[in-house]
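For reference, the chains in residue letters:
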Amino acid sequence: MEPFALPESFLLGTATASLQIEGGDRNNSWYRWVQTGHVKDGTSCIVADDHWNRVTEDIALMKQLHQQTYRMSLEWSRIEPTRGHFDKDAIGHYRLEIQQLVDAGIRPLVTLHHFSNPLWLEDAGAWVNPDVIDLFERYTAYVVENLGDLVSDWCTINEPNAYLAAGYVMGGWPPSNISITKYFRGARNMIVAHIKSYRKIHQVRASNGYNDTMVGVANHLRLFDPKHGNGRERWAAGMYERLFQELFVTGMCEGRLLSPLGGGYPLGEGRYFDFLGVNYYTRDIVDCSGKSTNPLGRLEVREDSQKNDLGWELYPEGLYRVCKKYWDRYHTPIFITENGTADAKDAFRTRYIYDHLLQVSRLIEDGVDVQRYYHWSLMDNFEWIEGLSAKFGIVAVDYATLERTVRTSGWFYADVAKHRGVTEKMIQQYLA
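Conventions we followed
- Here the residue index of a chain counts from 1 through its sequence in written order.
- In keeping with the predicted nature of the model, local features appear solely for residues at pLDDT of at least 70, side-chain atom pairs appear and are counted solely at 80 or more, and the whole-chain, interface and lining totals rest on all residues.
- The side-chain figures draw on all heavy atoms in the structure; neither hydrogens nor water molecules are used.
- The helix and strand labels rest on DSSP assignments: H or I over at least four residues marks a helix, E over at least two residues marks a strand, and numbering proceeds from the N terminus.
- Partly exposed residues are those whose accessible area sits between 20% and 50% of the maximum for their type, while under 20% is buried and over 50% is exposed, using a 1.4 Å probe and protein chains only.
- Whenever Lys or Arg places a side-chain nitrogen within 4 Å of a carboxyl oxygen from Asp or Glu, that contact is recorded as a salt bridge.
- Think of each axis as a best-fit line through the C-alpha atoms, taken over the contacting stretch in the case of a helix, with angles from 0 to 180 degrees between the N-to-C directions.
- Here roughly perpendicular refers to angles of 65 to 115 degrees, roughly parallel to angles under 35, roughly antiparallel to angles over 145, and oblique to all remaining angles.
- Less than a right angle of anticlockwise turn of the near helix away from the far helix marks a crossing as left-handed, whereas a clockwise turn marks it as right-handed.
- Contacts are assigned to residue pairs with any non-hydrogen atoms lying within 4.5 Å of each other.
- Residues are grouped as follows: nonpolar covers Ala, Val, Leu, Ile, Met, Phe, Trp, Tyr, Cys and Pro; charged covers Asp, Glu, Lys and Arg; every other residue, Gly included, is treated as polar.
- Patch rule: a residue counts if its relative accessible area is over 30% and it has no salt bridge; like charges are joined within 9 Å, and nonpolar side chains (Val, Leu, Ile, Met, Phe, Trp, Tyr) within 5 Å.
- Only the protein chains shown count as cover for residues, with accessible areas throughout obtained via the Shrake-Rupley method and a probe of 1.4 Å.
- Two strands pair under a simple rule: DSSP has to find at least two bridges between them.

K.L.:
Run through unusual backbone geometry, naming residues and quoting values.
P.N.:
At the junction of Ser259 and Pro260, the peptide bond is cis and its omega measures out at 10 degrees in the coordinates. Counting through the fold element by element, Pro260 comes out in the loop between helix 10 (231–254) and strand 8 (276–279). Omega for the peptide link from Trp376 to Ser377 comes to 10 degrees, which places this bond in the cis form. Phi at His331 is positive, roughly 45 degrees, even though this residue is not glycine. Residue classification places His331 among the exposed residues on the basis of a relative accessible area of 51%. Phi at Arg420 takes a positive value of approximately 55 degrees, unusual for a residue other than glycine. Judged by its relative accessible area of 15%, Arg420 falls in the buried class.

Rendered as structure tokens:
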């Protein structure tokens with residue numbers, strides 16, 4: 001291990017999602033999913049971290065950990081609890097939260113949609129219903145009109161590919177309506193909705209005299225590496241990559257619909273992103289050996305790899321590979337909008353952070369304009385289908401008392417943020 005430094009302008013922070021930490025909201029697709037018994041460990045999001053009532057405490061914790069920026073999301077079901085009705089108290093709550101962040105010197109990056117839907121939208125077909133495009137644009141306009149003086153940095157949608165794959169291909173998330181046709185229909189709708197939301201955010205802020213707006217998507221990017229390197233596996237890996245992420249990146253960045261989404265530029269050719277958001281966790285190994293009904297073979301985890309609590313391979317070099325690929329294509333600023341690991345014992349998270357930030361340092365040295373890193377996550381939370389059992393936080397949460405305790409990895413990350421890098425002293429203290 002070696003010390004490394006990050007630029008003085010580089011921002012380090014953490015990321016969360018509203019549904020996963022806030023608690024108290026019954027008007028969303030995930031609370032109903034919990035109620036119908038679909039979460040693996042039987043736990044619920046109804047309390048989660050009770051962040052809704054502990055915002056001040058949690059922001060003080062961020063400041064103690066030297067966080068310079070914070071990626072948060074808004075709960076659409078709170079802001080628009082019924083179709084066309086916007087709740088002034090809910091948007092007021094978010095405004096107070098963001099004001100506290102700004103007052104603490106922490107720059108907010110706000111995500112408009114992070115996996116959960118209001119029930120009225122879910123019951124109308126959610127992102128498969130073409131009406132969602134205009135509904136999302138209206139929601140965007142309301143939010144930015146009310147928060148845009150405090151927030152310059154926005155993510156329209158978090159991991160559209162993961163949301164649609166889990167709900168319409170694998171079926172483990174709501175609405176669990178397996179249909180490849182609906183997956184593609186949802187992809188098209190999300191792409192168009194992002195473009196309209198991108199334009200709306202810029203329009204609203206510009207009309208109020210702001211010219212520093214940054215809008216992007218938090219893209220779930222992973223690697224698909226052929227197991228044996230033969231032609232069939234290389235083809236299959238390329239197809240996985242195209243169907244899982246290239247459709248979304250190309251559509252949301254350039255406005256171009258790749259086949260099978262119909263082709264063309266539904267809203268005109270353009271550049272619909274100001275930064276490329278990268279959520280990176282792991283890679284998949286593509287194995288086409290043996291007999292399989294799936295022409296794309298199987299997705300596996302490399303057998304001899306180190307794995308986290310959920311069985312995901314720890315592969316730091318993958319962060320370099322995905323960022324370099326899209327930098328070479330777009331030459332646009334990159335924000336690592338999520339990167340983290342499930343590690344209940346905090347046995348390897350410190351090394352995980354070091355290894356991935358070392359790749360960030362390497363990227364910057366190679367001329368890639370990586371500007372921010374958001375660790376997932378600030379604290380343990382409701383990890384979707386896994387429930388409360390998967391521990392991603394640099395801050396541990398005791399769900400019996402809701403007490404927050406900074407893990408060793410959290411203190412390490414605080415020092416990284418404070419020093420904009422890793423010193424020899426930090427290596428000896430945390431990593432030796």
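K.L.:
Give a detailed account of the pattern of salt bridges, specifying residues and quantitative values.
P.N.:
Taken as a whole, this structure holds 32 salt bridges when the rule is applied. Between Arg71 and Glu338 there is a salt bridge, with the nearest N and O atoms lying 3.0 Å from each other. Of this pair, Arg71 sits in strand 3 (residues 69–73) while Glu338 is found in strand 11 (residues 334–339), placing the two residues 267 residues apart along the sequence. In this pair, the class of Arg71 matches that of Glu338, namely buried. Here the salt bridges do not stand alone but share partners, grouping Asp50, Arg54, Glu57, Asp58 and Arg404 into one network.

K.L.:
Which residues make up the packing of helix 3 (residues 55–64) against helix 5 (residues 88–103), and what values do they have?
P.N.:
Between helix 3 and helix 5, the shortest axis-to-axis distance is 10 Å and the interhelical angle comes to 25 degrees. For the element pair helix 3 / helix 5, the angle class is roughly parallel. Helix 5 is crossed by helix 3, and the crossing has right-handed handedness. Here Val55, Thr56, Ile59 and Met62 of helix 3 come into contact with helix 5, specifically with His93, Glu97, Gln100 and Leu101. Here the contact of helix 3 with helix 5 is composed, by residue class, of four nonpolar, three polar and one charged.

K.L.:
How would you summarise a nonpolar patch on the surface if you had to cite specific residues and measurements?
P.N.:
Residues Val169, Met170 and Ile180 make up a contiguous nonpolar surface patch of roughly 300 Å² in combined accessible area. Assignment of secondary structure puts Ile180 in helix 9 (residues 180–207). Classification of Ile180 by relative accessible area gives partly exposed; the value is 47%.

K.L.:
Give me the lowdown on the packing of helix 7 (residues 132–147) against helix 9, citing residues and values where you can.
P.N.:
Packing of helix 7 against helix 9 brings their axes to within 9 Å, and their N-to-C directions diverge by 25 degrees. In terms of their interaxial angle, helix 7 and helix 9 are classed as roughly parallel. Seen from above, helix 7 lies across helix 9 with right-handed handedness. Facing helix 7, whose interface residues are Val132, Ile133, Asp134, Phe136, Glu137, Thr140, Ala141, Val144 and Glu145, helix 9 presents Asn189, Val192, Ala193, Lys196, Ser197, Lys200, Ile201, Val204 and Arg205. Class assignment for the residues of the contact of helix 7 with helix 9 results in nine nonpolar, three polar and six charged.

K.L.:
Residues and numbers for the sheet that holds strand 9 (residues 283–287), please.
P.N.:
In sheet architecture, strand pairing relies on hydrogen bonds along the backbone and comes in two forms, parallel and antiparallel. Taken in spatial order, the three strands make up an open sheet running 7-9-10, and their pairing is mixed. Only two strands of the sheet have a single neighbouring strand rather than two, namely strand 7 (223–226) and strand 10 (298–300). Ignoring strand direction, the axes of neighbouring strands in this sheet form an average angle of 40 degrees. As paired elements, strand 7 and strand 9 share four bridges and run parallel to each other. Across the sheet, residue Leu223 finds its bridge partner in strand 9, namely Arg283.

Purely geometric numbers; function is a separate question.
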